[in-house]
Amino acid sequence: MEKILDRFLRYVAVDTQSDEESASQPSSAKQFDLLRMLRDELVALGVEAELDEYGYVMGRIPSNIDGPAPKLGFIAHVDTSPDASGADIKPQIIENYDGSDIALKGVPGLYLKPSEFPEMLAHLGQTLITTDGTTLLGADDKAGVAEIMDAVQYIVEHPEFKHGELRIGFTPDEEIGRGVAKFDVAKFDADYAYTMDGGDIGELEFENFNAAAATIRIQGRNVHPGYAKGKMKNAIRIAMEFDSLLPVEQKPEYTEGYEGFFHLIGISGSVEEASISYIIRDHDMELYEKRKECVRQCVAFINSKYGEGTATAEIRHQYYNMRKEVEPHYHIVEKAIKAMEMEGIKPKVQPIRGGTDGANLSFMGLPCPNIFAGGLNFHGKMEFVPLENMQAASKVILNLVSLFSC
C-alpha cells in the first residue's frame, strides 16, 4: 500500500494552477494531467471511474453490506490557487519538528517562523512538509486528494472492511469559485458528501462566507504631463482613491470569526486606464448585500467627482452560505464529530472564512460539510502540512464510512 506521503508528493509535483481569466472548463488544461492520473489510479484499484470533458472525476464503490445505507461521497479539488506559483514545487520534509525556525531554502534568508505562525508549535515532534519558499505547496487541496485516495486504497485492499455505496469526486477550479459549475449531482448519486478541504486537524465546517468577486475599471485621460493641468485624469491614482473609500478596518488582515471583508487581490493599469479586483465576503446575507452596495456607491462617488463613465463595476456572485442547506441534515455533522472523536481528535466546529465546493453542492441538493485536510497557511510560500494531519484525515474518512454503514 502506497504511503500517503509518497502519494501527496506525487500529486503536488503536477502543476494544476487554475486561471481566473480563462472562460474554459476547466480553466487550465494542465489540471487534466492530475485528473487523468487520478482516474487511472482509481481504475487500477478496481474502482469504476470516469473523467468527463469538464474535468470531473467520479468513482463508485459498491456496497458490501446487507441492507440499506446512505450513499456517501468524498470530494476534493485538484487545482491550486492563482495567488502563487504551483509549478516546479520543491517540498521540504522536516522530521521530528523541534519548534525552531525552518529555513525555506529556495529563497536565502526566508524562514517559516513559529513567532509569526504560532500554530506550528502544536505540531512539535511531527513531520512537517513545507515549501522551499519559491512556490505554494498545494496542500489545498492535494492533501485532501491524497487522503481520499489513501482511504480508497485501504477499502479496496481490505474486503473485510464493511461499507455502503461510496462515491469519489475530484473537481477542478475550486480556487476561482467555479469548482462545481457543471458538476452533475444526479450522476454522482450520493445522499450526503464531505469535502476534505479544511485546514488544521479537527476543523469541521458547515457554514461559509457568501461570496462575490468585483472588478472595477477606471477610464482615465492621458495628456502630456507638461500640459496636464486641469486635463489629465490619472487612472492609477483614481484607482488608489477608490480603494481608500472602502472601510479600512474591513480587510482580511483586521477581521476574524464571522466578520466579513473587502479583499484587494489585484491592481494594474496606466494613466489611461486601470483595473482593480476584489473578493467580497460575509457570512450574513444582509451584510453581504450591503457590501456589494458599498462598492456601487463608491463607483457612483468616483463618477460624480471625475465624470460619468470614469468607473464601472462588474460584481459576480460566487457562492452562498451553505448553513441553511446543511442544518436540516445535522446528523451528518454529528457523524463527522463522532468520526474525529474515534481518533482522539477534538472537533473544532467553526465557520469557514472562505468557501468550498461543498457550499454550491449543498445548494444543488447534496448536503456537504467540510472536514480538515490538515494544511495551514494556504495560497502562499508559507504553506505547510503535518504528515500526521493527513494520516488522521484518512482515518476519519474510514470512520465516517463505518458510521454510515451501521
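Up top you'll find the structure we're talking about.
These numbers come from a predicted model, not from an experiment.

(A) Broad picture of the side chain of Thr310. Within the element layout of this structure, Thr310 appears in the loop between helix H6 (285-306) and strand E14 (311-319). From its side chain, Thr310 meets the backbone oxygen of Tyr306 in a polar contact 3.3 Å long. Within polar-contact distance, the side chain of Thr310 engages the backbone oxygen of Gly307 at 2.6 Å. Every residue in contact with Thr310, bar those within four places of it in the chain, is listed here: Arg217, Ile218, Gln219, Lys233, Ile238, Ile302 and Asn303.

(B) Inspection of helix H10 (residues 387-405) at higher detail. If you check H10, its first and last C-alpha atoms are 28 Å apart, about what 19 residues at 1.5 Å a residue would give, namely 27 Å. Of all the 19 residues making up H10, 14 are buried; the element is thus mostly covered by neighbouring parts of the structure.

(C) Structural context of the pattern of salt bridges. Scanning the model with the defined rule gives 22 salt bridges in all. Taking the shortest distance from any N to any O, the salt bridge between Asp282 and Arg291 comes out at 2.8 Å. Judged by its relative accessible area of 9%, Arg291 is buried.

(D) Structural view of a negative patch on the surface. Side chains of Asp19, Glu20, Glu21 and Asp83 sit close together on the surface and give a patch of like negative charge. Structurally, Glu20 can be placed in the loop between helix H1 (4-12) and helix H2 (31-44).

(E) Representation of the sheet that holds strand E15 (residues 348-349) within the structure. Sheet architecture is open: 8 strands sit in the order E1-E2-E8-E3-E9-E16-E10-E15, paired in mixed fashion. Since the sheet does not close on itself, it has two edges, and those belong to strand E1 (48-51) and E15, each with one partner. Pairing of strand E10 (residues 203-205) with E15 involves 2 bridges; the strand directions are parallel. Of the residues in E15, the one forming a bridge with Leu204 is Val349. Packed onto the sheet, helix H3 (residues 139-157) meets strand E2 (57-61), strand E3 (72-77), strand E8 (166-171), strand E9 (192-198) and strand E16 (370-372) and runs at close to 145° relative to E3.

(F) Spotlight on the packing of aromatic side chains. Tallied over the full model, the rule gives 10 aromatic pairs. Judged by centre distance (6.1 Å) and plane angle (20°), the ring pair of Phe74 and Tyr194 falls under stacked. Here the residue Phe74 occupies a position in strand E3, and Tyr194 occupies one in strand E9, the gap between them amounting to 120 residues. Classification of Phe74 by relative accessible area gives buried; the value is 2%. On the basis of relative accessible area, Tyr194 is assigned to the buried category, the value being 0%. Through a chain of ring-to-ring contacts, three or more aromatic side chains come together here, namely Phe74, Tyr192, Tyr194 and Phe404. Of note, Arg291 hangs over the ring of Phe262, and the distance from its end group to the ring centre comes to 5.1 Å. Above the face of the Phe404 ring, Lys335 is positioned so that its terminal group lies 5.2 Å from the ring centre.

Conventions adopted
- Residues numbered from 1 in each chain as written.
- Predicted model: local features only at pLDDT ≥ 70, side-chain atom pairs only at ≥ 80, totals over all residues.
- Heavy atoms only, no water.
- Helix = DSSP H or I, 4+ residues; strand = E, 2+ residues; numbered from the N terminus.
- Polar contact = N/O pair within 3.5 Å; in protein donor to acceptor, adjacent residues only side chain to side chain.
- Contact = heavy atoms within 4.5 Å.
- Expected span 1.5 Å × (residues − 1).
- Buried < 20%, exposed > 50% of the residue type's maximum accessible area, 1.4 Å probe, protein only.
- Salt bridge = Lys/Arg side-chain N within 4 Å of Asp/Glu carboxyl O.
- Patch = residues over 30% accessible without salt bridge, like charges linked within 9 Å, V, L, I, M, F, W, Y side chains within 5 Å.
- Areas by Shrake-Rupley, 256 points an atom, 1.4 Å probe, with all protein chains shown as cover.
- Lys, Arg positive; Asp, Glu negative; His and termini not counted.
- Charge placed at Lys NZ, Arg CZ, Asp CG, Glu CD.
- Pairing = 2+ DSSP bridges.
- Axes fitted to C-alpha atoms, helices over the stretch in contact; angles between N-to-C directions.
- Phe/Tyr/Trp six-rings, centres within 6.5 Å; stacked < 30°, edge-to-face > 60°.
- Lys NZ or Arg CZ within 6 Å of the ring centre and 35° of its normal.

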